[in-house]
2 protein chains.
Amino acid sequence: MFDTASIAHEVDKATWKKEEPKLRQSLLAAQFTVLQKKEFPVLVLIGGVEGAGKGETVNLLHEWMDPRHIITHAFDAPTEDEVARPAMWRFWQRLPPKGRLGIFFGAWHSQPIVDRALKHLSRAELDQRVSEVNRFEKMLSDEGVLLVKFWFHLTKKQQRKRLEALASDKHTRWRVGENEWELFKKYDRLSDASEHFVRSTSTGWAPWYVVNGADGRYRSLTVGKTLLAAIEDRLESGASSTSSTNAPPLLPPIDGRNVIRALDLKQKLSDERYDKELEKWQGRLNLLSRDEKFRRLSVVCVFEGNDAAGKGGAIRRITQAIDARYIRPIPIAAPTEEERAQPYLWRFWRHLPRHGRVAIFDRSWYGRVLVERVEKYCSEAAWMRAYQEINDFEDELLNGGSVLAKFWLAISKEEQFRRFKDRERTPFKRFKITDEDWRNRKKWEAYERAVCDMIDRTSTEEAPWTLVEANDKNFARVKVLKTLCKTIEDRFDAL
Amino acid sequence: MFDTASIAHEVDKATWKKEEPKLRQSLLAAQFTVLQKKEFPVLVLIGGVEGAGKGETVNLLHEWMDPRHIITHAFDAPTEDEVARPAMWRFWQRLPPKGRLGIFFGAWHSQPIVDRALKHLSRAELDQRVSEVNRFEKMLSDEGVLLVKFWFHLTKKQQRKRLEALASDKHTRWRVGENEWELFKKYDRLSDASEHFVRSTSTGWAPWYVVNGADGRYRSLTVGKTLLAAIEDRLESGASSTSSTNAPPLLPPIDGRNVIRALDLKQKLSDERYDKELEKWQGRLNLLSRDEKFRRLSVVCVFEGNDAAGKGGAIRRITQAIDARYIRPIPIAAPTEEERAQPYLWRFWRHLPRHGRVAIFDRSWYGRVLVERVEKYCSEAAWMRAYQEINDFEDELLNGGSVLAKFWLAISKEEQFRRFKDRERTPFKRFKITDEDWRNRKKWEAYERAVCDMIDRTSTEEAPWTLVEANDKNFARVKVLKTLCKTIEDRFDAL
């Protein structure tokens, strides 16, 4: 979930100067339309790590819009009055009415995360909170509240830098006390708890927008534009539109940087090194597959990637290493008639391996948020809810004793062109290239955006995506084998 | 939740002979339409207590419809194949495809209930299961599966009778072994766990239909007609209709009996007895309100009832007993403009009392599933989801230290007529009777149905409805006071 938000983003001054006045004007206009129409309230939730610029951003929103019509509230320890009433009472007291914009800091999501990080809550109790929060937000959403949730993220390194900077400036020194450094020490635990909570409360009707807070200009423009898009989208679709079909839209990063573009595709492995590494990791995988512990687990690999990224080749390097009786590659094409008569996850469930077996999905359930989204084979509501459905599905896999390894094989647009041309020229490869491949290529940007959203919403601490730089086949194949071995070994250790 | 299903129901032979052939024909026709259209699958979930006729009913469905197109599956202990895969795998394997009817016995709801009753699961863990089940069923429903869930209920007495009957017949003796009697001993624990689970998984998109299983003819006609109505409703609204707006309809009990009609409205209290009882219970309530424990709790009373049922009088008997500084009656009328600009529960949250205080709601949040439903002030989807929202809300009240007492004051239609006429005749009462009262009266049956559904879906073990026979005001007032005292005392004991 936080992978995407860990990318370094930056917006330069010139862009800021160009974008800011436009955004400001549009936000103010949107605010007044909402106010005049009085059809729905807008509730912005702000969460995230210390020092990620939450306060600064909200101050800016106040500057940009008319602060008289914004109700901002920071929830700290409950007052005497609040303690004497049900826990949610204090939030209800502050809800913005139709037409107004409310901004809540540290609302109902703060306490569960802190309590979990400090081990006051078991995982089951945390999930109980998650479910309460989801039902509450669903109700708000069904009642017409436009919920826009921002999570401000910093990597550990970024947070340290930021706290140090604040501490060394006499104007901001007061903001960094013992408490802040204590929390920093708990970064990893807080981050784990946050990741789980943010992911589980990122629903189709009220997803979180995770924003990297290190660069002020990037952060502010991102929040401003996302908020604007959410409001405009709702104004357009009308007040009566119900929540589930109408989640705020996802925007691509405003500075054009994303996890895919951040990859270093120049990485290579010489043929000589490749032969050695291949032998090493295939040998290791083979040993693992004959380990007694392997009988108690199943292995599920997911391969997704650009067309011609070399999925087949990478898969073959795995199958070569394991006894053919125990491994099964499962190519996923268009669903059969029988499969279309079932919920979309059905065709993957039917192929799940039993313990002691390996299944390799060559394309997978992620088709729903990739090709089906881009080609509009399913409705926006369907792919928006799919992120959570997929996370639930993968949780079931993990709880059911599966090791899950998910690979995105990435090549550059130029490399793809080269490979397509090569396929057309080589007689025995010609079957691998069709008009559809060329058509897909034209939608490169749309696919890239879908891939980033997918990674953002489905790369979890238990089932992370591995992004594989695949311009060099040697490098890609070894990275895949190595990652797979390590994933299995980690799970063995946890048994 | 099980109150309504504890009413004795009976369908006589003559009615059965008249109804059964029609129902049979319609079900078969509906089954074939579903089969031909192939737009959605129908999945019937069967749960409930032993001996409540689950098997018999499903056998009958097989007789009534074409069994070649029904996929029935009873889930027992998982097989070796199933154990080696994620827990949900065995259910996915059996899902009916579009056009087919599937019947699942003891699917994903059985294990959590048993585990909770045997204390293998904590309450938090049970709620984790609940949330998984709800997300799973939401997904099925979003994917177009028509889910119809039946819970077969027997009271403890009915279950004993039924098991004894089975055991004494040589043809059915084999069905009642040690295991069945062991489970019977755990009736209360199982019932508590079931009640919680059934209520929490009774969602707007897939509610449970709780059916009393004691009378075979009643049970079968109820299940058959509910299933038929669900299928016909979906056929009418089309395959593309999404779950949240399209829960299967609620039918009134086919034999016309319900919790309201089952009340003995002839109950009376002489004026003499009344004076004594009133003094006793008002004194007790006053003592309770001055107890030290009262500072740690708040008391929330809900009064609903037929027009002219005497809510005001009953409320005054409570306020008389408590220091006016600590008690506040809250009459709920049409929402103000400010209140209409907020989610519908907002206007109740704002009046919640702090610890040490009492709030008496004269009409309440139940308006949504009563007047708003009957008068169509809100959409069907809105009042269908309101049951769960209200249950969530009341859970928050209870967890936040509120004592909750909910009263439905019931009078007969004749008694209401008498009171209306009396009001019209008596000058100082004339303000209490309006044209609207007469209009509402014309919808007596619709209101009665709404009341029964409300009690069915919101009378929980922690916050039960108290039905008050109110034809006699003396009797009603004393019953209210007595119930309130006992509710507070129970909560004191648990502190």
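Scroll up a little and you will see the structure.
No experiment lies behind these values; they were computed from the predicted model shown.

1. Let's talk about empty space enclosed by the protein
Residue and element names in this part refer to chain A.
Moving on, step 1. This model, assessed by the stated rule, comprises 11 cavities of 30 Å³ or more.
Moving on, step 2. What the largest cavity holds in volume is close to 80 Å³.
Moving on, step 3. Forming the walls of the largest cavity are R199, S202, T203, G204, P207, M384, Y387, Q388, N391 and R457.
Moving on, step 4. The greatest single-element share of the lining of the largest cavity, amounting to 4 residues, is contributed by helix α16 (residues 380-399).
Moving on, step 5. For the lining of the largest cavity, a count of residues per class yields 3 nonpolar, 5 polar and 2 charged.
Moving on, step 6. Empty space within the second largest cavity amounts to approximately 70 Å³.

2. Observations regarding the interface of chain A and chain B
Moving on, step 1. Between chain A and chain B, the residue contacts involve 49 residues of the former and 49 residues of the latter.
Moving on, step 2. Both faces considered, chain A and chain B share a buried interface measuring about 4500 Å² in area, 54% of it formed by carbon and sulfur atoms.
Moving on, step 3. Contact with chain B buries area across many residues of chain A, yet W92(A), W349(A) and R354(A) alone supply 15% of it, more than any other trio.
Moving on, step 4. Linking chain A with chain B are 12 salt bridges, by the criterion used here.

3. Things to note about the packing of helix α7 (residues 156-168) of chain B against helix α8 (residues 178-185) of chain B
Residues and elements named next belong to chain B.
Moving on, step 1. Running from N to C, α7 and α8 cross one another at 165°; their axes reach a closest spacing of 11 Å. When the interaxial angle is binned, α7 and α8 end up roughly antiparallel. For the pair α7 and α8, the sense of crossing is left-handed. Where α7 approaches α8, its residues K156, Q159, R160, L163 and E164 are matched on the opposing element by E180, W181 and F184.
Moving on, step 2. Taken together, the residues that form the contact of α7 with α8 break down as 3 nonpolar, 1 polar and 4 charged.

4. Examining the pattern of salt bridges
Pairs can form between side chains of opposite charge whenever their charged atoms are close.
Moving on, step 1. The final tally for this structure, using the stated rule, is 81 salt bridges over all chains.
Moving on, step 2. We note a salt bridge from K443(A) to E375(A), for which the minimum N-O separation is 2.6 Å. Pair noted here: K443(A) is in the loop between α18 (435-442) and α19 (444-458) and E375(A) is in the loop between α15 (371-374) and α16, with a separation of 68 residues, a long-range link.
Moving on, step 3. Between E394(B) and K406(B) there is a salt bridge whose closest N-O contact spans 2.7 Å. You can see E394(B) sitting in helix α16 (residues 380-399) and its partner K406(B) sitting in strand β9 (residues 402-410), a full 12 residues away along the chain.
Moving on, step 4. Residue classification places E394(B) among the buried positions, given a relative accessible area of 2%.

5. What to know about the relation of the copies chain A and chain B
For these two chain copies, the linking operation is a rotation about an axis paired with a shift along it.
Moving on, step 1. Once chain A is rotated about the relating axis by 180° and shifted along it by 0.0 Å, it coincides with chain B to within an RMSD of 0.0 Å. With respect to symmetry, the two chain copies, as superposed, fit the operation of a two-fold axis.
Moving on, step 2. Interface residue correspondence from chain A to chain B reaches 100%, placing this contact among same-surface, isologous pairings.

6. As for the sheet that holds strand β7 (residues 327-331) of chain A
All names here are of chain A.
Moving on, step 1. Pairing in this open sheet of 5 strands is parallel, and the strands run β7-β8-β6-β9-β10 from one edge to the other. Edge positions in the open sheet fall to β7 and β10 (465-469), since each of these has one partner strand only. Sheet twist, expressed as the average angle between the axes of neighbouring strands with direction ignored, equals 20°.
Moving on, step 2. The sheet contact formed by β7 and strand β8 (residues 358-362) spans 5 bridges and is parallel.

What counts, and where the lines are drawn
Residues numbered from 1 in each chain as written. Chains lettered and ligands numbered in written order. Predicted model: local features only at pLDDT ≥ 70, side-chain atom pairs only at ≥ 80, totals over all residues. Heavy atoms only, no water. 1 Å grid on protein atoms, 1.4 Å probe; cavity = no way out; pocket = protein on both sides within 12 Å on 5 of 7 lines; lining within 4 Å. Points joined across faces, edges and corners; volume = space filled by probe spheres on them. Helix = DSSP H or I, 4+ residues; strand = E, 2+ residues; numbered from the N terminus. Nonpolar A, V, L, I, M, F, W, Y, C, P; charged D, E, K, R; others polar. Contact = heavy atoms within 4.5 Å. Buried area = accessible area lost by both parts, 1.4 Å probe. Salt bridge = Lys/Arg side-chain N within 4 Å of Asp/Glu carboxyl O. Axes fitted to C-alpha atoms, helices over the stretch in contact; angles between N-to-C directions. Parallel < 35°, antiparallel > 145°, perpendicular 65-115°, else oblique. Left-handed = near helix turned anticlockwise from the far one by under 90°. Buried < 20%, exposed > 50% of the residue type's maximum accessible area, 1.4 Å probe, protein only. Least-squares fit on C-alpha atoms with pLDDT ≥ 70 in both. Pairing = 2+ DSSP bridges.

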